[in-house]
Amino acid sequence: MADYDVIVAGGGLAGTVTAQAISYYSNQNIRILVVDRNSEFMPGRKSLAGWVCGDACSKEAVDFMAERIKVNWTRPEIEHDVKGVMAFSPDKKTAIPFDGAGFMLNRQILPETQNKRCKDMGIEFEYEINLTGLVYQEGQVVGVQGIDNKTRQAFKHTSKIVVDATGVTSMLRNGLGNSTKVEKRIDRRDLESTGRYIMHFEPGQRDLAEFDPDYCIIHLDQDIAPGGYGWVFPKGDSKVNIGLGVEKSMLDKRNKRLGKKDNVESLMKEYLHRNVAIRDARLSKEPQDINNNSGVFQVSVRRQNDCMVSGGYVMVGDSAWMPKPIDAGGIGPALIAGTILGSNIAQALEADDTSEAGLWRYNLDYIREYGYKTAGLELFRRLVQQMTNKQISYGMKHFLGNLDVESISKGEHPDFSGLGKIGMIIRGAMNKTVADGLRYTSTQNQWLVKHYNDYPKDPSGFDEWSKALHKRLGESFAKVEAFGS
Ligand SMILES: Cc1cc2nc3c(=O)[nH]c(=O)nc-3n(C[C@H](O)[C@H](O)[C@H](O)COP(=O)(O)OP(=O)(O)OC[C@H]3O[C@@H](n4cnc5c(N)ncnc54)[C@H](O)[C@@H]3O)c2cc1C
């Protein structure tokens, strides 16, 4: 007999939400253990640097979770309300609002609150365990193993299902031994190196393109944040989460172009100092930030793993590469996926079928709710990464600004298929390239969304589906790269 019904590996955001959702959907009728490498007093920390994050999350995703599993986030884990996200073009002449109302979270407090809620639901915890791998029996995952850092002894527990919520660096996924469908490794170019400070400051010049207490600001700029973006997210009238993300090969190109030797840290410092609205900035020493006021970590910007289940194993959050490809927002998808997965796991346990086929429904449910759009956004991201500042400014002003903002606010690929039609005059070779690129990714996106809507209903159709996906993506990525040359 297994020690637990479910072991959740990784007690971060995705892990604790999933544990709560399983508990909710199974009427607290099953035994759940959450295992994390952090101490009880620093729960959910991503690394020694802290809970490195932009801290922004859409209200829609929080509501999605709250309405379904009745977990309500309040203060102090919500630190500040925002009305939306505003993305500025490199020349700052265009600002596109997206994502709607949202929250700025306190990521250090949130896991403390989450763990307390989990414990009230009867969910158990094991702290200071460094997980190194999965335990198998006849091709089925039946538990986890690692080292108990408290005793230096081996740690091993069994369960009917293991939820992998150990984040982007997941060793469990990397070493998964019972699936050819789950992708194990990520392409280096699908990772962003990102860092940020949490700071108090004195107001400088009033400039709502640099700091706005009501809006999360994103700056697209290939010199400041090559292949990524800079952000200024308000945590109050004079408190900010300020940082940026870059893609390594784009940073190398940018350094070569400008004759510089910058890295993420030096770019972050420069980005902070050039901000005219922020003066005398100092790292927050408040107790709720003291272990979390500066740091760098990785985030993925690709579609979710093509298959997120194997026998006895499921993945959620960053371990499944869920952050949205276009803005690296991973909290929303983690809340949505964790909520959905709770229901899928409760059903699989009820049916006493935790095989790959028994857990398959999770792939389908997540795609239907969120995952249908991510491959198209991955392609769109690759296109934008290839563009120069001039091209991005032009595209945002002339093409994006004119669009129906609905698809943008829903986080979908904007529809550019009409570009160049209806009397629209596009002057200049550079701008024609932008229009061609956007039209191209729109067309591919339509195919990709349809392909995801046709995701196989059971594991038997997966290989064919995956082959077609990779063929299309391979061609599209090559084509998009050519737009940049
Ligand atoms: C700089 C930066 C800015 C970001 N900004 C935003 C933003 O503004 N909005 C947004 O929505 N998203 C943002 N993201 C992404 C967001 O932070 C993640 O999507 C989110 O934290 C994912 O949660 P998770 O629970 O899946 O993973 P994690 O938060 O990484 O949690 C994983 C947990 O598992 C534990 N763990 C890992 N390995 C092991 C092991 N071997 N054994 C035991 N335990 C282990 C970890 O210690 C941790 O507790 C940002 C990311 C970065 C890096």
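Residues numbered from 1 in each chain as written. Predicted model: local features only at pLDDT ≥ 70, side-chain atom pairs only at ≥ 80, totals over all residues.

Novice: What am I meant to see in the overall build of the chain here?
Specialist: Along the backbone of the chain there are 14 helices and 19 strands. The C-alpha radius of gyration computed for the chain amounts to 22 Å, which stays within 12% of the reference 23 Å derived for 485 residues, consistent with globular compactness. Projected onto its principal axes, the C-alpha positions of the chain cover 70 × 55 × 40 Å. Residues counted as buried form 49% of the 485 residues belonging to the chain. (Helix = DSSP H or I, 4+ residues; strand = E, 2+ residues; numbered from the N terminus. Rg over C-alpha atoms; globule rule 2.2 N^0.38 Å. Buried ≥ 20, exposed ≤ 12 C-beta atoms within 10 Å, placed from the backbone.)

Novice: Help me out: how do you make sense of the sheet that holds strand E7 (residues 102-105) in this one?
Specialist: Think of a sheet as strands paired side by side through backbone hydrogen bonds, with each pair either parallel or antiparallel. Pairing is antiparallel in the open sheet, where three strands are placed in the order E3-E7-E4. Because the sheet does not close on itself, it has two edges, and the strands there are strand E3 (56-58) and strand E4 (78-82). Strand after strand, the sheet turns through a mean of 30° between neighbouring axes, direction not considered. Strand direction decides the pairing type here: E4 and E7, joined by four bridges, are antiparallel. Looking at the pairing, Asp-81 lines up with Phe-103 of E7. (Pairing = 2+ DSSP bridges. Axes fitted to C-alpha atoms, helices over the stretch in contact; angles between N-to-C directions.)

Novice: Help me understand the nonpolar core, please; the structure alone is not making it clear to me.
Specialist: Buried together is how nonpolar side chains tend to be arranged in soluble globular proteins. Formed by 119 residues in total, the largest nonpolar core has its most connected members in Val-6, Ala-9, Ile-218, Val-314 and Val-316. Top contributing element to this core by residue count: helix H7 (residues 331-350), with eleven residues. Residues in contact with Ala-9, not counting those within four places in the same chain, are Val-35, Leu-131, Val-144, Val-162, Val-163, Asp-164, Ala-165, Thr-166 and Leu-172. (Core = buried A, V, L, I, M, F, W, Y, C linked by C-beta atoms within 7 Å. Contact = placed C-beta atoms within 7 Å.)

Novice: Looking at this structure, I do not really get the packing of helix H1 (residues 13-25) against H7. What am I missing?
Specialist: For any two helices packed against each other, the geometry comes down to the angle between their axes and how far apart the axes lie. Relative to each other, H1 and H7 sit at 35°, their axes nearing to 7 Å. Crossing handedness for the pair H1 and H7: right-handed. Two secondary-structure elements touch here, H1 through Leu-13, Ala-14, Val-17, Thr-18, Ala-21, Ile-22, Tyr-24 and Tyr-25 and H7 through Ile-331, Ala-334, Leu-335, Gly-338, Thr-339, Leu-341, Gly-342, Ser-343, Ile-345 and Ala-346. (Left-handed = near helix turned anticlockwise from the far one by under 90°.)

Novice: Would you mind showing me how to read the site of the ligand here?
Specialist: What surrounds the ligand is a group of 40 residues, the closest being Gly-12, Gly-54, Gly-167, Gly-317 and Gly-330. For the shell around the ligand, the secondary structure elements donating two or more residues are H1, E3, strand E9 (129-137), strand E12 (191-203), strand E17 (294-300) and H7. For the shell around the ligand, the per-class residue count stands at 16 nonpolar, 17 polar and seven charged. Per-domain counts for the shell around the ligand show at least three residues from each of domain 1 (4-53 + 107-186 + 304-369) and domain 2 (188-299). (Near = placed C-beta within 6 Å. Nonpolar A, V, L, I, M, F, W, Y, C, P; charged D, E, K, R; others polar. Domains from an automatic or database assignment.)

Novice: Explain the environment of Ala-209 here, please?
Specialist: With respect to the helices and strands, Ala-209 occurs in the loop between E12 and strand E13 (215-219). Among residues more than four places away in sequence, those in contact with Ala-209 are Phe-88 and Lys-92.

Novice: Would you mind showing me how to read the pairing of strand E10 (residues 140-148) here?
Specialist: Side chains on a regular strand alternate between the two faces of the sheet. Here E9 runs beside E10; their pairing, made up of eight bridges, is antiparallel. Its bridge partner being in E10, Gly-133 is matched across the sheet by Gln-145. Where E9 hands over to E10, the hairpin turn is made up of two residues, of which Glu-138 adopts a positive phi near 50°. Across six bridges, E10 lies against strand E11 (residues 153-164) in antiparallel orientation. Across the sheet, residue Ile-147 finds its bridge partner in E11, namely Ala-154. Hairpin remark: E10 followed by E11, antiparallel, with four residues in the connecting loop; positive phi at Arg-152, about 65°.

Novice: Before we go on, may I ask you to explain the domain arrangement of the chain in this structure?
Specialist: One widely used convention gives an interface's size as the accessible area the parts lose upon coming together. Looking at the assigned domains, one finds that the chain contains domain 1 (4-53 + 107-186 + 304-369), domain 2 (188-299) and domain 3 (373-483). Distance from the C-alpha centre of domain 2 to the C-alpha centre of domain 3: 27 Å. The interface is formed by seven residues belonging to domain 2 together with four residues belonging to domain 3. Among the residues making up the side of domain 2 that touches domain 3, the classes are represented as two nonpolar, two polar and three charged.

Novice: I would appreciate a short explanation of H1 in the present structure.
Specialist: A turn of α-helix holds 3.6 residues, and therefore any two residues three or four places apart point the same way. For H1, with 13 residues, the first-to-last C-alpha span of 18 Å sits near the 18 Å given by 1.5 Å per residue. Within H1, twelve of the 13 residues are buried, which leaves the element mostly enclosed by the surrounding structure. Its buried side turned inward, H1 meets strand E1 (4-9), strand E2 (32-35), helix H2 (59-69), helix H3 (109-120), E11 and H7. (Expected span 1.5 Å × (residues − 1).)

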